[in-house]
Amino acid sequence: MSFAVNEINSNQSFLPNTTLGFLIYDTCLSSRRALQGTLWMLGGRPMPILNYKCQHKAPLVAVIGESRSTSSISMARVLGLNSVPQVSYFSTSPLLSNKLQFPSFFRTIPNDNAQTRGLTHLLLHYMKKVHFKNKVGEEISFDSQGDPPARYDIIHWKVAPDGTMQYVKVGHFDDRESEGLELHINISTTQWNSRYNEVPHSVCSESCVPGYRKAAQEGQPPCCFDCVLCAEGEISNETDSNACWKCPSDQWPNEKRNECVPKEIEYLSYEEPLGATLTGAANLGSFSSIIVLCIFVKYRHTPVVKANNRNLTYLLLGALLICFLCSLLFIGLPHPVSCLLRQAAFGIMFIICVSCVLAKTIMVVIAFNATKPGSNMRKWLGPKVPVFTISGCTLGQLLICATWLLLCPPFPEKNMEVKTGTIIFQCNECSVPAFWCMLGYMGLLAGISFVVAFFSRRLPDSFNEAKWITFSMLVFISVWGSFVPGHLSTQGKYTVAVEVFAIVSSSAGVLVCIFLPKCYIILLKPERNTREQLLGKGTKTRNR
């Protein structure tokens with residue numbers, strides 16, 4: 001302070017024709033002495049007289065208080081009672097060391113004294129720019145706020161061999177250093193209690209590693225805490241984290257819960273074993289349908305093929321081929337087109353299959369009754385009944401699927417709610433009632449075909465394929481009856497796999513039960529593929 005005042009007085013460019021002075025009173029680290037010195041400054045006499053000023057020198061510009069806040073606050077209150085304006089701190093950060101002690105600054109600016117205000121501002125402005133070395137080589141300066149730098153010596157008390165206490169500097173703190181280097185302690189010069197040979201822990205709990213958060217222990221100080229694993233879906237990537245936070249919607253914590261990683265995307269793919277197996281089965285079924293179709297086309301003029309209504313047979317085999325191929329729409333990454341078409345295509349083609357089977361069953365009944373004497377069923381032996389049956393049944397399914405696609409078309413979506421930590425890429429069917437209406441209609445026709453075929457199974461062998469139709473519809477109904485609980489009890493790609501399995505297995509059941517016996521006769525027993533054999537067999541059956 002003396003240096004600053006002398007610099008101002010020696011340079012007339014600062015305060016022309018003005019000289020600053022100062023008084024210094026020692027508080028002796030006593031609040032009483034601090035108040036006494038304040039009254040001396042106000043009254044101007046060794047024996048203060050309250051509310052009386054005997055100061056004949058220049059006006060008081062500023063009061064620099066003691067570094068301790070207790071004394072400084074008391075000084076400020078006394079100054080306020082003596083009509084000095086409810087005094088403000090310029091600094092509350094004293095510069096402490098084991099050699100120097102600089103006080104905090106107080107400012108007293110009377111409202112009616114412009115010269116005093118100017119002097120005060122100038123003094124403080126100049127002190128902000130002060131930068132010098134004192135007699136012991138320490139640099140003295142103030143920041144833009146008028147605060148001195150925070151520099152502290154770290155003193156260690158040691159017990160000397162003679163039992164006296166020694167004060168040894170073991171480190172320092174200087175906020176002017178770069179970040180992370182402000183504190184320096186020489187651990188090697190530190191003498192610990194005899195019970196310890198290393199730095200004692202300052203907390204009663206070990207640090208919480210990333211993936212955990214701190215949970216305060218009830219009734220214990222803040223340094224005592226428990227480390228709690230972050231909740232599901234949350235992480236912490238800092239040591240001693242007070243809280244965990246949620247990962248983004250498309251990410252999930254890793255096993256250690258210290259990092260968010262992308263969620264696993266799940267769908268029934270061609271590369272995985274389950275998807276590859278179902279794809280192979282679908283391809284095998286479609287290839288088998290093509291082979292059977294080729295056999296029936298090649299041997300289309302033989303009695304076995306003629307007796308089973310060739311046109312219906314070709315249509316049924318073509319529909320089965322497309323059914324096998326429709327199952328491939330369910331496998332692979334969901335796409336807007338595949339999601340839109342797969343259920344409708346499968347439902348319509350299956351209805352064509354079932355209606356073909358129903359038409360074949362009806363034709364078996366008509367063919368048997370047409371052989372009876374005086375029967376008028378011969379007029380129904382043409383293509384009218386099959387065309388009407390297939391068209392009518394298919395039209396019903398077309399209406400269901402068209403309504404479904406127009407009002408609420410299926411679409412691909414990423415479902416993040418079904419499985420924890422997994423994004424299920426699936427097709428949203430949009431309308432669950434429409435889906436079950438489609439399956440229900442298909443089941444109704446299958447049930448009707450089964451009932452008609454069951455009651456027609458004992459007709460003469462030459463016309464009868466009703467027993468094989470009965471078996472095929474029994475397989476069909478069993479598969480789709482099992483599909484319902486399987487579909488409702490699975491999630492993600494396994495729901496799709498259940499439906500693909502139902503499509504492939506029911507199609508395979510129809511293909512094997514209806515066409516395998518005929519292929520056996522055509523390829524392995526050609527001697528039985530004659531009109532005489534078929535009629536003779538039929539005669540024997542009627543005689544029995």
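K.L.:
Could you give an account of the packing of aromatic side chains, naming the residues involved and the relevant values?
P.N.:
For the structure shown, the criterion picks out 15 aromatic pairs. On the numbers, 6.4 Å between centres and 45° between planes, the contact of Trp-436 with Phe-483 is tilted. Linking Trp-436 in helix α10 (residues 432-455) with Phe-483 in helix α11 (residues 466-489), this pair joins segments that are 47 residues apart in sequence. By relative accessible area, Phe-483 is classed as buried at 2%. A centroid spacing of 5.9 Å and a plane angle of 65° characterise the contact between Trp-468 and Phe-471, whose relative ring orientation is edge-to-face. Residue Trp-468 and its partner Phe-471 are both found in helix α11; the two are separated by three residues, about one turn of the helix. Judged by its relative accessible area of 28%, Trp-468 is partly exposed.

K.L.:
Which residues make up the sheet that holds strand β6 (residues 165-174), and what values go with them?
P.N.:
Strands sit in the order β5-β6-β7 across an open sheet of three strands; the sheet is antiparallel. Each having just a single partner strand, β5 (151-159) and β7 (183-185) make up the two edges of the open sheet. Each strand of the sheet is rotated relative to its neighbour by a mean of 30°, with strand direction disregarded. In the sheet, β6 pairs with β7 via three bridges, with the strands oriented antiparallel. Residue His-172 lies in a different strand from β7, and its bridge partner there is His-184.

K.L.:
Provide a residue-level description of the pattern of salt bridges, including the pertinent values.
P.N.:
Counted under the stated rule, the structure contains four salt bridges. Put simply, Asp-153 and Lys-169 hold a salt bridge, and the shortest N to O gap is 3.3 Å. Of this pair, Asp-153 sits in strand β5 while Lys-169 sits in strand β6, and the two are 16 residues apart along the sequence. Close ionic contact of Arg-342 with Glu-429 constitutes a salt bridge, the shortest N to O distance being 3.2 Å. Separated by 87 residues along the polypeptide, Arg-342 in helix α8 (residues 336-370) and Glu-429 in the loop between β16 (422-428) and α10 bring together distant segments of the chain.

Rules of the game
Residues numbered from 1 in each chain as written. Predicted model: local features only at pLDDT ≥ 70, side-chain atom pairs only at ≥ 80, totals over all residues. Heavy atoms only, no water. Phe/Tyr/Trp six-rings, centres within 6.5 Å; stacked < 30°, edge-to-face > 60°. Helix = DSSP H or I, 4+ residues; strand = E, 2+ residues; numbered from the N terminus. Buried < 20%, exposed > 50% of the residue type's maximum accessible area, 1.4 Å probe, protein only. Pairing = 2+ DSSP bridges. Axes fitted to C-alpha atoms, helices over the stretch in contact; angles between N-to-C directions. Salt bridge = Lys/Arg side-chain N within 4 Å of Asp/Glu carboxyl O.

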